[in-house]
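# Residue-level structural notes
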Amino acid sequence: DTAVSQTPKYLVTQMGNDKSIKCEQNLGHDTMYWYKQDSKKFLKIMFSYNNKELIINETVPNRFSPKSPDKAHLNLHINSLELGDSAVYFCASSRAGGNQETQYFGPGTRLLVL
Amino acid sequence: AQKITQTQPGMFVQEKEAVTLDCTYDTSDQSYGLFWYKQPSSGEMIFLIYQGSYDEQNATEGRYSLNFQKARKSANLVISASQLGDSAMYFCAMREGSGRRALTFGSGTRLQVQP
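Throughout what follows, the structure given in this document is the object of discussion. (Residues numbered from 1 in each chain as written. Chains lettered and ligands numbered in written order. Predicted model: local features only at pLDDT ≥ 70, side-chain atom pairs only at ≥ 80, totals over all residues. Heavy atoms only, no water.)

### Description of the pattern of salt bridges
If you walk through the whole model with that rule in mind, you get 5 salt bridges over all chains. The partner of E82(A) in a salt bridge is R63(A), and the shortest N-O contact between them spans 3.5 Å. In this pair, E82(A) is assigned in the loop between strand 8 (73-78) and strand 9 (87-94) and R63(A) in the loop between strand 6 (53-57) and strand 7 (64-70), connecting sequence segments 19 residues apart. Given the relative accessible area of 41%, E82(A) is considered partly exposed. Residue D26(B) is joined to K73(B) by a salt bridge in which the shortest nitrogen-to-oxygen separation is 3.9 Å. Separated by 47 residues along the polypeptide, D26(B) in the loop between strand 4 (24-25) and strand 5 (32-39) and K73(B) in the loop between strand 8 (64-69) and strand 9 (74-79) bring together distant segments of the chain. Within the structure, one salt-bridge network assembled from shared partners comprises R63(A), E82(A) and D85(A). (Salt bridge = Lys/Arg side-chain N within 4 Å of Asp/Glu carboxyl O. Helix = DSSP H or I, 4+ residues; strand = E, 2+ residues; numbered from the N terminus. Buried < 20%, exposed > 50% of the residue type's maximum accessible area, 1.4 Å probe, protein only.)

### Considering the packing of aromatic side chains
Here the distance between the centres and the angle between the planes together describe a pair of aromatic rings. Taken as a whole and judged by the stated rule, the model has 16 aromatic pairs over all chains. A ring pair is formed by F105(A) and F105(B), whose centres lie 6.1 Å apart and whose planes are at 75 degrees; its orientation type is edge-to-face. On the criterion of chain membership, the pair formed by F105(A) in strand 10 (residues 104-105) and F105(B) in strand 11 (residues 104-105) is interchain, its members lying in two chains. For the residue pair F105(A) and F105(B), the accessibility class agrees, reading buried in each case. (Phe/Tyr/Trp six-rings, centres within 6.5 Å; stacked < 30°, edge-to-face > 60°.)

By themselves, these figures tell us nothing about what the structure is for.
What follows is the structure, encoded as structure tokens:
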């Protein structure tokens, strides 16, 4: 059973294109996240949604727009792709309540902008 | 200042030996959580272990244990009886405060287990 899934797994595209990455979780969690992992493996939060409401929006170019149609889905749309957008994008989810709130990650989407 | 510091870019360990991966953190919050994740070469992020700031005992999960020293702000991961499959990147992360907050990650340590 896939807990957090992302599509596509690989994405190769040209500069200037618009692309979307989809994320779905079947864990019944109420909070979802997008993280970016750069070429040096550094992971950084981009966005977080709780019950379809945006609660974290880090300093990310406005070419990136997240959308959460429901609690189980969080999509990431990227306009006018640039070379520097090449990275691995991870979706994650967690459940509120308790102190732990462990985040479970999807398999990642490897984006290469040419 | 960095919130999570992992000072070991790479580590080697012999199979069946124990290894400690270092992590220090910086926060002024009283309530926080510390996590370790494993990222094998296949790329996925696998949750290993959690330690809450108010937990009095060190967390353990199978061969993984967390050496939590609150006064020194360190949360080192100990892997006992290393296996070849433990070769991976290991990330320490912190969630500050309470509520649904994002994780802040360290730069990672690449562990290689040698036969």
